[in-house]
Amino acid sequence: MRARTLLASVGAALAGVATYDLLQRRHAILRNFPVVGHLRYLLESVGPELRQYIVTDNDQERPFSRDQRRWVYASAKGENNWFGFGTDNDLERPEGYLVIKQVAFPRTPPPDEPRHPDPARPLPAAKLLGGARGRARAFRPSSVVNLSAMSFGSLSAAAVEALNRGAALAGCLHTTGEGGISPHHLHGGDLVWQIGTGYFGCRDGEGRFDLERLVDVVAATPQVRAIELKLSQGAKPGLGGFLPGAKVTPEIAAIRGIPVGRDCRSPAVHTAFHDVDGMLELVETIAARTGLPVGIKSAVGEQAFWEDLALRMERTGRGVDFITIDGGEGGTGAAPLTFSDHVALPFMWGFTRVYRTFAERGLHEQVVWVGSGKLGLPERALQAMALGCDLVNVGRTAMFSIGCIQAQRCHTGRCPTGVATQSAWLQRGLDPALKSVRCATYIATLRHELLRLARACGEPHPALVGPEHLELLSKGYRAVTLQELFDYQPGWGLPSAADRQVLQALMG
């Protein structure tokens, strides 16, 4: 009897769906194929998941392959992250394939080094952040690997808390993203406060930059170690930030100073300055009032801005303490497809153009160089450091470490793992206490791998691996070093002699 009732109910429901499908006019597939047409939309909605786990090869899925995600997941959990039976990459057709050239007599680790990656064991930067310009609160970052900018709003409260707790455990820096400093950023991790064109956290009632409010926030937040002015990001350069109204909760609205439930759009350009001179004046003013190192973050497009910046730093003595270059392949923010695919240079192209511009004027040693844009894997991070990066920022791989599965639902508010959503129900599955340990373990593992690669190249620290240590393979069994490929002069990409001595002492 119950079975008949259940079947009758199911039949009635299907009949209702079929009737609706036949009468509606919005979807041709449903009108032509009632009921079964819904399968098409279901398959479309779970397409990324199906491709990742069933359809594609280990090295085929994008933006991160299954092998790459598996390495991050295993590293974050402290599990075996080795791969057996050789590479499954096709080295016979190697266009652009990176090779790290080991030396015949590599360096051996000190006898007291832990066998497994230890989040408490630092891997310090080669340069003092703010040291070249004598900032009052200059410091040496204790980790060459740090967390990239991801705002509270785009990420959930649980995710931000997990990342900040992980940063505290790993002794690395956590960039806030342009959404301002939230209570979820204050769980022990040191912060780089990113200030975008919306000036969230340091704006007046009209949305304009408010220097006095910035000074007050810095004074009240000792976790802030540096300030980053965001000009653009790799995901959507040329566009301001965007947070859909569905994600603008009362808490986020209060932190940002915006209406609840309404789309939050940041301007495409800053209103506190309009040219390089104005930007440098603001940088120096903020640094003087706070004592903090102040830098900029930008994707790379036209070259004139960078040439003008280098020229004015050379002539006036004013300057930024650090430059974060974001590659066009960066993607912690959702973006229009054309912007995501075709606007801004990829990291390796963009970074080397800017670095070379400063190096030609002898200014590269005055700047702490930070790279971001898919640098969360050991070989990519080492490649960036060989080209001149002092620090690398990791975003999406850090998201993997706290549970992201690359479902690509970030912009919908329906992230199934609770990482990029404001849904209380979805966030409940993300335990910040557990995930923070995984984040810290991932960062420690990446540092450990960088250190092992450096030793294989005969150096005690990855910052001492130069562009001549790495080659890119190409067709016809040819290869070219990064130094030749990017037209670097001898010594470019490496710390100064003084900084090298400091590193040698720090690394024993």
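Rules of the game
All residue numbers refer to positions counted from 1 along the written sequence of the respective chain. The predicted origin of the model limits local features to residues at a pLDDT of at least 70 and limits the giving and counting of side-chain atom pairs to 80 or more, whereas totals for whole chains, interfaces and linings rest on all residues. In computing side-chain properties, one takes all heavy atoms of the structure into account and sets aside hydrogens as well as water. Any two strands with at least two DSSP bridges between them are considered paired. Each helix corresponds to a stretch of at least 4 residues labelled H or I by DSSP, and each strand to a stretch of at least 2 residues labelled E; elements are numbered beginning at the N terminus. A fitted line through C-alpha atoms represents every axis, and for helices the fit uses only the stretch in contact; the resulting angles, taken between N-to-C directions, go from 0 to 180 degrees. Each residue after the first adds 1.5 Å to the expected span of a helix. When a residue's accessible area, from a 1.4 Å probe over protein chains only, is under 20% of the maximum for its type it is buried; when over 50% it is exposed; and in between it is partly exposed. Polar contacts here mean pairs of N or O atoms no more than 3.5 Å apart (in protein, one a potential hydrogen donor and the other a potential acceptor; neighbouring residues in sequence count only if both atoms are side-chain atoms). The rule is short: rings of Phe, Tyr and Trp, with Trp giving its six-membered ring, pair when the centres are within 6.5 Å, and they are stacked under 30 degrees, edge-to-face over 60, tilted in between. Two conditions define a charge sitting above a ring: the NZ of Lys or the CZ of Arg must be within 6 Å of the ring centre, and it must be within 35 degrees of the ring normal. Any carboxyl oxygen of Asp or Glu within 4 Å of a side-chain nitrogen of Lys or Arg constitutes a salt bridge here. Site definitions follow a grid-based scheme: protein atoms alone, a 1 Å grid, a 1.4 Å probe that fits but cannot get out for cavities, and for pockets an open set with protein on both sides within 12 Å along at least five of seven lines, plus lining residues having an atom within 4 Å of a point. Grid points are joined across faces, edges and corners, and a volume is the space filled by probe spheres set on the points. In the scheme used here, Gly and all other residues not listed as nonpolar or charged are polar, with Ala, Val, Leu, Ile, Met, Phe, Trp, Tyr, Cys and Pro taken as nonpolar and Asp, Glu, Lys and Arg as charged. If you view a crossover with the strands going away from you and the path from the first strand over the helix to the second runs clockwise, you call it right-handed.

Caption draft 1: Seen up close, the sheet that holds strand E1 (residues 97-100). The three strands lie next to each other as E1-E12-E13, forming an open sheet whose pairing is antiparallel. What marks the edges here is a single partner per strand, and that holds for E1 and strand E13 (478-481). Pairs of neighbouring strands in the sheet enclose a mean axial angle of 35°, with direction left out of account. One ladder, built from four bridges, connects strand E12 (residues 470-474) with E13; its direction is antiparallel. Opposite Ser474, over in E13, you have Arg478 as the bridge partner.

Caption draft 2: The arrangement of helix H9 (residues 276-290) in detail. The terminal C-alpha atoms of H9 lie 21 Å apart, and with 15 residues this matches the ideal 21 Å at 1.5 Å per residue to within 8%. Turning to H9, its buried residues number three or more, namely Val276, Gly278, Met279, Leu280, Leu282, Val283, Ile286, Ala287 and Thr290. Where H9 starts, the residue carrying a side-chain oxygen 3.4 Å from the main-chain nitrogen of Asp277 turns out to be Asp275. Just past H9, the residue Gly291 takes up positive phi, approximately 80°.

Caption draft 3: Region of interest: the packing of aromatic side chains. The final tally for this structure, using the stated rule, is nine aromatic pairs. These aromatic residues form a ring-pair network of at least three members: Phe347, Phe351, Tyr355, Phe358, Trp369, Tyr488 and Trp492. When the ring centre of Phe139 is taken as origin, the NZ or CZ atom of Arg225, which lies over that ring, is 4.0 Å away. Residue placement shows Arg256 over the ring face of Phe200; its charged tip is 5.0 Å from the ring centre.

Caption draft 4: View of unusual backbone geometry. Phi at Lys374 takes a positive value of approximately 65°, unusual for a residue other than glycine. Looking at the secondary structure, you find Lys374 in the loop between strand E10 (368-372) and helix H13 (378-386). Positive phi outside glycine occurs at Asp487, with the angle close to 55°.

Caption draft 5: Representation of the pattern of salt bridges. Under the criterion given, the structure shown has 16 salt bridges. Between Lys101 and Glu471 there is a salt bridge, with the nearest N and O atoms lying 3.0 Å from each other. Within this pair, whereas Lys101 is found in the loop between E1 and strand E2 (145-147), its partner Glu471 is found in strand E12, the two being separated by 370 residues in sequence. Measuring nitrogen to oxygen at the nearest pair gives 3.8 Å for the salt bridge that ties Asp326 to Lys297. Of this pair, Asp326 sits in strand E9 (residues 322-326) while Lys297 is found in strand E8 (residues 294-299), placing the two residues 29 residues apart along the sequence. Each member of the pair, Asp326 as well as Lys297, is classed as buried. Residues joined in a network through salt bridges with shared partners are Asp277, Asp308, Arg312 and Arg318.

Caption draft 6: Spatial organisation of empty space enclosed by the protein. This structure, assessed with the given rule, holds three cavities of 30 Å³ or more. Lining the largest cavity, in full, are Leu129, Asn146, Leu173, Thr175, Val192, Ala226, Glu228, Phe322, Thr324, Val370, Leu391 and Asn393. Of all elements in the fold, only strand E3 (173-175), strand E5 (224-230), E9 and strand E11 (391-394) reach the threshold of two or more residues within the lining of the largest cavity. In terms of residue class, the lining of the largest cavity is made up of seven nonpolar, four polar and one charged.

Caption draft 7: Looking closely at the pairing of E9. Of all five residues making up E9, five are buried, and the element is well covered by its neighbours. Of the two faces of E9, the one lined by Phe322, Thr324 and Asp326 and the one lined by Ile323 and Ile325 are each fully buried. Looking at chain direction, E8 and E9 are connected through five bridges and run parallel. Bridge assignment links Ala299 to a residue of E9, and that residue is Asp326. For the crossover from E8 across helix H10 (residues 304-316) to E9, the handedness is right-handed. Bridge analysis of E9 against E10 gives five bridges, and the strand direction is parallel.

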